[in-house]
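Residues per chain are reported as follows:
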Amino acid sequence: MMGRKISRYIISALLLLAFVSPLTAQNTGNNSRVQPSQQKKKEKTLPEVTYPLMNGIDVGVDILSPVLKAFGSDFMSAEAMVDVNLYNRYFPTVEVGYGGGKSINDYDVSIKASAPYFRIGIDYNTLWKKAHGNLLLVGLRYGFSSGKYDVSVPDLTDPDYAGGADETNLTDPIWGDTSNYVHEGMKYTMHWLEFTVGIRANIAKRIKMGLMLRIKHKLKASADTYGDPYYIPGFGRYDANNTGITYSIIYQLK
């Protein structure tokens, strides 16, 4: 009798287990099918990357101009920049510098200039939604420079054209008048616009490199009576629209 009861209990337990197991497996399968859709739903509802108003201040110096000077360029400038990161999207920028140099044209006229310059403008980060910190910038600048320049000719030794070996004047062969070709301290002003495209990438903690292409368009310029300046610091050649490049090492302030 006792053995029959035990056998009955075992059979009942097996039947119950056989009935419950498919339900458990079905529920488990349903759960496994639901989880991926739930994860996708959660992923879709994740918020986009957002930035606060202020994201730091960057300061930098251009190192390309001194390198070009070392390789024989007639002119050199020392330039620094500072900008403010707003929403990782807008970068109001100020750039200041001092440049100068000396060039001799095809007519052996020496033109020397040195002056400060500044630019003010704004850049737009086209990668503002990205969280990696690298920037692809497009922007606009207004530039201005005002300073002095010298125009002169070398000493003339030919008696047909000058009065003596140490004189720097020319004689008109018809009227006999002499013209002095040493004019120092002449003044100029230059206003221009720059359209800029550049990248800025992280190279170390708080240290970045920036490469900027600058397309420069002359707005307004004035020069002195006895000749135009050959070179305008911050802009380039006086008589043309210009294209320039700056390569900067930048440090991010907190």
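Our structure is the block above this text.
Residues numbered from 1 in each chain as written. Predicted model: local features only at pLDDT ≥ 70, side-chain atom pairs only at ≥ 80, totals over all residues. Heavy atoms only, no water.

(A) Quick look at the packing of aromatic side chains. In this structure the tally under the stated criterion is seven aromatic pairs. Considering the side-chain rings of tryptophan 192 and phenylalanine 235, the 5.4 Å spacing of their centres and the 55° angle between planes classify their relative orientation as tilted. Note that tryptophan 192 is positioned in strand β8 (residues 182–204) and phenylalanine 235 in the loop between β10 (231–232) and β11 (236–237), a separation of 43 residues in sequence. Phenylalanine 235 matches tryptophan 192 in its accessibility class, with the two residues each being buried. Through pairs of rings, three or more aromatic residues link up here, namely Phe75, Tyr230 and Tyr231. Between the NZ or CZ atom of arginine 89 and the centre of the ring of tryptophan 128, over which it lies, the distance is 4.1 Å. (Phe/Tyr/Trp six-rings, centres within 6.5 Å; stacked < 30°, edge-to-face > 60°. Helix = DSSP H or I, 4+ residues; strand = E, 2+ residues; numbered from the N terminus. Buried < 20%, exposed > 50% of the residue type's maximum accessible area, 1.4 Å probe, protein only. Lys NZ or Arg CZ within 6 Å of the ring centre and 35° of its normal.)

(B) Broad picture of unusual backbone geometry. One non-glycine residue, asparagine 88, lies in the positive phi region at around 60°. Accessibility expressed as a relative area gives 7% for asparagine 88, which makes it buried. Of note in the backbone geometry, arginine 206 takes a positive phi value of approximately 65° without being a glycine. Inspection of the secondary structure assignment puts arginine 206 in the loop between β8 and β9 (207–222).

Geometry only, nothing functional implied.
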